[in-house]
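# Observations on the three-dimensional arrangement
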Amino acid sequence: APPIQSTQFCQMTKPRILLAGLFHETHTFVDEITSIAEYDIKRGAEIVARRGDGSTIDGFLSVAEREGWEVVPVSDYSALPSGTTEHAVFEQFSGEVLAGLVAAMADGGLDGIWLGLHGAMVTTECVDPEGELLRRIRSVPGAETLPLFGVFDLHATFTKLMAAGANGLVGYRENPHIDAYDSAVRAAEMLARSLKEQVLPKMVARNVPIIWRAIWTGSRFPLWPSLLRARRCRLRR
């Protein structure tokens, strides 16, 4: 992994981390269009106020508190699983995040970015909005090499564009999702390690053309532990 190229980390005694979230499990096989009215939107201090609610945002905030980070909260959009999202929702969220990123870079700089994502969102104009969001973030001057980590739902549709735009996206391991908070903690701890060791991990995407029956995706189903063991063996090699 290459070293972090930013000099801001060395100049700051208290790392500044931008925080944002976009969470929607899109069901493209239904006719419904999910509008902005269906989203719960929090901004600024409202996001930090989620400390203690057991969410993925809370998981990040717990690590930020422990590490002594200065959190720069921007926007947090979330909606219940539903039909394809109206693209204007994504454009509004993306615009807020990019504006917050530019403002933070101009006002003292940033040391990293952490995102609470789902990974299976689809809009009326884009099949990979999370990947597009990461691409846009990396296009902001000064943000190209910032450590960028985040958390994904277990049912995320991971893409090459997502891998190219992030240093570490940690997916839940359990279904039902009893470890969402813990997964967010792992992702935030990876960011902390990246900052301390001043290295930038890289991600790669490798997708296998397999579709499982829904009843087989529970993490207590006998097949699941064997798949996890096989995956871990490959990662060790």
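Structure: see above.
Quick look at the structure, then. (Residues numbered from 1 in each chain as written. Predicted model: local features only at pLDDT ≥ 70, side-chain atom pairs only at ≥ 80, totals over all residues. Heavy atoms only, no water.)

Next up on the list: the pairing of strand E8 (residues 168-171). Sheet analysis places strand E7 (residues 148-152) next to E8, joined by four bridges and oriented parallel. For valine 151, the partnering residue across the bridge sits in E8 and is valine 170. Crossover handedness for the path E7 to helix H6 (residues 160-165) to E8: right-handed. (Pairing = 2+ DSSP bridges. Helix = DSSP H or I, 4+ residues; strand = E, 2+ residues; numbered from the N terminus. Right-handed = clockwise from strand over helix to strand, strands pointing away.)

A few words now on unusual backbone geometry. Trans peptide bonds make up most of the peptide bonds, and negative phi angles are found at most residues other than glycine. Phi is positive for glutamine 198, close to 55°, though the residue is something other than glycine. Residue position: glutamine 198 is located in the loop between helix H7 (180-197) and helix H8 (223-236).

Turning next to the sheet that holds strand E3 (residues 40-43). A sheet is described by the order of its strands in space; here six strands give the open sequence E3-E4-E1-E6-E7-E8, paired in mixed fashion. At either margin of the open sheet sits one strand with a lone partner, and together these are E3 and E8. Ignoring strand direction, the axes of neighbouring strands in this sheet form an average angle of 15°. Judged from the six bridges that link them, strand E1 (residues 16-23) and strand E6 (residues 112-117) form a sheet pairing that is parallel. (Axes fitted to C-alpha atoms, helices over the stretch in contact; angles between N-to-C directions.)

Grouped together as the largest cluster of nonpolar side chains are 33 residues, with contacts concentrated most on Leu101, Leu110, Ile113, Leu115 and Ile137. Among the elements of the structure, E1, strand E4 (70-78), helix H4 (87-106), E6, helix H5 (129-138), E7 and H6 are those that each provide at least two residues to this core. Per-element accounting of this core gives the leading share, seven residues, to H4. Judged by nonpolar contacts, the second largest core, of 22 residues, contains Trp69, Tyr172, Ala187 and Leu191. (Core = buried A, V, L, I, M, F, W, Y, C linked by side-chain atoms within 4.5 Å. Buried < 20%, exposed > 50% of the residue type's maximum accessible area, 1.4 Å probe, protein only.)

Before going further, it helps to spend a moment on the packing of aromatic side chains. Tallied over the entire structure, the rule returns five aromatic pairs. Here the aromatic rings of phenylalanine 60 and tryptophan 114 are separated by 4.9 Å at their centres, their planes lie at 25°, and the arrangement is stacked. A residue pair is termed long-range when its members are at least 10 positions apart, and phenylalanine 60 in helix H3 (residues 56-67) and tryptophan 114 in strand E6 qualify at 54 residues. Take phenylalanine 60 and tryptophan 114: they sit in the same class, and that class is buried. Here the aromatic rings of tyrosine 77 and phenylalanine 93 are separated by 5.1 Å at their centres, their planes lie at 70°, and the arrangement is edge-to-face. You can see tyrosine 77 sitting in strand E4 and its partner phenylalanine 93 sitting in helix H4, a full 16 residues away along the chain. Assigned by exposure class, tyrosine 77 and phenylalanine 93 land together as buried. (Phe/Tyr/Trp six-rings, centres within 6.5 Å; stacked < 30°, edge-to-face > 60°.)

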